[in-house]
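Examining the three-dimensional arrangement
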Amino acid sequence: RVLGEAGSDEAFLALLDDPGLAPGDVFNHGHYEQFRRRLAALAQQRGYFDGQFEKRRVTVEPIGGTVDISLHFNSGQRYAFGALRFDQDIIREELLHPLLNATEGEPFDQQRLRETQAQLQRTGYFSTVLLVPELEQAEGGAVPLELQLFPAKRHSFDVGVGFSTDTRERVSVTWRTPKLNRLGHSQETRLQYSSINPSGRFTYSIPMSHPLHDILQLSARLEDNEFGDLDSHQKELGLRREIRKDAWIYSYSLRGLNESWDASGLRRENDYLLPGFSLSQRR
């Protein structure tokens, strides 16, 4: 039996539908202990911090060869999220708000805290994210939260060496700055050299309404290509906005491309203005 507010909680009802203990099964004490721990763990994850077992008994009947299990859990009330406390000067506070899934007044759910931590970590602004419920300071059925943010390293560098039949030997260097300022701007510069296909690309990213789901990118690219008797040189400037909604990614862009080429002594140069739109889904 589950008593208290958890008696109508969908997560508890789903657990009770499949406890791993069914009449007629051979009794396994490990399965019983596992179910009891799952019940207690779910209570903590869902905010039933006053929950306790009022009855916990296994009765063995040797003559009949049966076991009766009595497990009564009283969850008490479900706590809500309290005020979120944090003190940081790493990025502008407005950028944090879309990333916080633990809203004051909503029922406590550990999954919401994990999602918030994961989103904050994915921005690249922070080296460590700690989001801790302050249970000892719970008051009026609400648990305050403390958010601790530690800045990420200012710069990171990747160096690569490779070979392929298209580019032959090549080396590459990638320089990333995940946070240029308190507005959350970032940059990535990638240089790749091979005798056939040297290239360089610079991308400057600006968060718009959401640091992860709405990004404006400014880019510049230089690239040389050698295709047999055709030598091509490209210079490109681009503007692109990427918006993520649920599982879909929408993006629209505008690129200005200057391309010159030399084909066996025949030289040409053209300028292009290239608008673009894409719709994709990542699984």
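Okay, so let's go over this structure. Treat the numbers as computed from the prediction; the structure is a model and nothing was measured.

Cut-off values and rules
Throughout this description, residue numbers start from 1 for each chain and increase along the sequence as written. Whole-chain, interface and lining totals are the exception, using all residues; otherwise, since this is a predicted model, local features are given only for residues with pLDDT of at least 70 and side-chain atom pairs are given and counted only at 80 or more. Excluding hydrogens and water, the side-chain values take into account all heavy atoms of the structure. Labels follow the DSSP assignment, with helices taken as runs of H or I lasting at least four residues and strands as runs of E lasting at least two, numbered in each case from the N terminus. Here the globule rule is a power law, 2.2 Å times the number of residues to the power 0.38, and the radius of gyration is based on C-alpha atoms. Relative accessibility under 20% of the residue-type maximum defines a buried residue, over 50% an exposed one, and the middle range a partly exposed one, all with a 1.4 Å probe and only protein chains included. Pairs of residues are marked as contacts when any of their non-hydrogen atoms sit within 4.5 Å. Accessible surface is estimated by sampling points in the Shrake-Rupley manner with a 1.4 Å probe; for residues, cover comes only from the protein chains shown. A pair of strands counts as paired when DSSP detects no fewer than two bridges linking them. Axis lines are fitted through C-alpha atoms, for helices just across the contact stretch, and the angle between N-to-C directions can take any value from 0 to 180 degrees. Each angle receives one of four descriptions, namely roughly parallel if under 35 degrees, roughly antiparallel if over 145, roughly perpendicular if within 65 to 115, and oblique otherwise. Three classes are used: nonpolar for Ala, Val, Leu, Ile, Met, Phe, Trp, Tyr, Cys and Pro, charged for Asp, Glu, Lys and Arg, and polar for all others, with Gly counted as polar.

**Quick word on the overall build of the protein**
The secondary structure content of the protein amounts to four helices and 14 strands. Over its C-alpha atoms the protein spans a radius of gyration of 29 Å, topping by over 25% the 19 Å that the globule rule assigns to 283 residues. Taking the principal axes of the C-alpha coordinates as reference, the protein spans close to 100 × 45 × 30 Å. Counting across all 283 residues of the protein, residues that qualify as buried make up 33%. Expressed as a percentage of contacts within the protein between residues at least 6 apart in sequence, the contacts between residues at least 24 apart total 47%. In the form shown here, the protein has an accessible surface area of approximately 17,600 Å², with 51% of it arising from carbon and sulfur atoms.

**Details of the pairing of strand 14 (residues 266-281)**
Taken together, the 16 bridges between strand 13 (residues 248-263) and strand 14 define a ladder with antiparallel strand orientation. Bridge pairing in strand 14 places Tyr252 opposite Phe277. Hairpin geometry of strand 13 and strand 14 is characterised by an intervening segment of two residues between the two adjacent antiparallel strands and by a positive phi of about 50° at Ser264.

**Some remarks on the sheet that holds strand 1 (residues 2-3)**
Strands sit in the order 1-3-2 across an open sheet of three strands; the sheet is mixed. For this open sheet the edge positions go to strand 1 and strand 2 (52-61), each flanked by a neighbour on one side alone.

**Considerations on the sheet that holds strand 5 (residues 126-133)**
Strand order in the open sheet formed by three strands is 4-6-5, with mixed pairing between adjacent strands. Of all strands in the sheet, those bounded by a partner on one side alone are strand 4 (80-86) and strand 5. Here the average twist between neighbouring strands, direction ignored, is 20°. Judged from the five bridges that link them, strand 4 and strand 6 (residues 142-151) form a sheet pairing that is parallel. When the sheet's bridge partners are listed, Ala80 is paired in strand 6 with Ala142. On top of the sheet, helix 4 (residues 110-122) reaches strand 4, strand 5 and strand 6; it is set at about 165° to strand 5, its chief contact.

**Notes on unusual backbone geometry**
Here the phi dihedral of Asp246 falls at roughly 55°; this positive angle occurs in a residue that is not glycine. Relative to the helices and strands, Asp246 resides in the loop between strand 12 (230-245) and strand 13. Under the relative-accessibility criterion, Asp246 is labelled exposed at 83%.

**Some thoughts on the packing of helix 1 (residues 10-17) against helix 2 (residues 29-45)**
The relative placement of two packed helices comes down to the angle between their axes together with the axis-to-axis distance. Packing of helix 1 against helix 2 brings their axes to within 11 Å, and their N-to-C directions diverge by 175°. Judged on the interaxial angle alone, helix 2 and helix 1 are roughly antiparallel. Residues Ala11, Phe12, Leu15 and Leu16 of helix 1 pack against Phe35, Arg38, Leu39, Leu42 and Ala43 of helix 2. Looking at the contact of helix 1 with helix 2, its residues break down into eight nonpolar, no polar and one charged.

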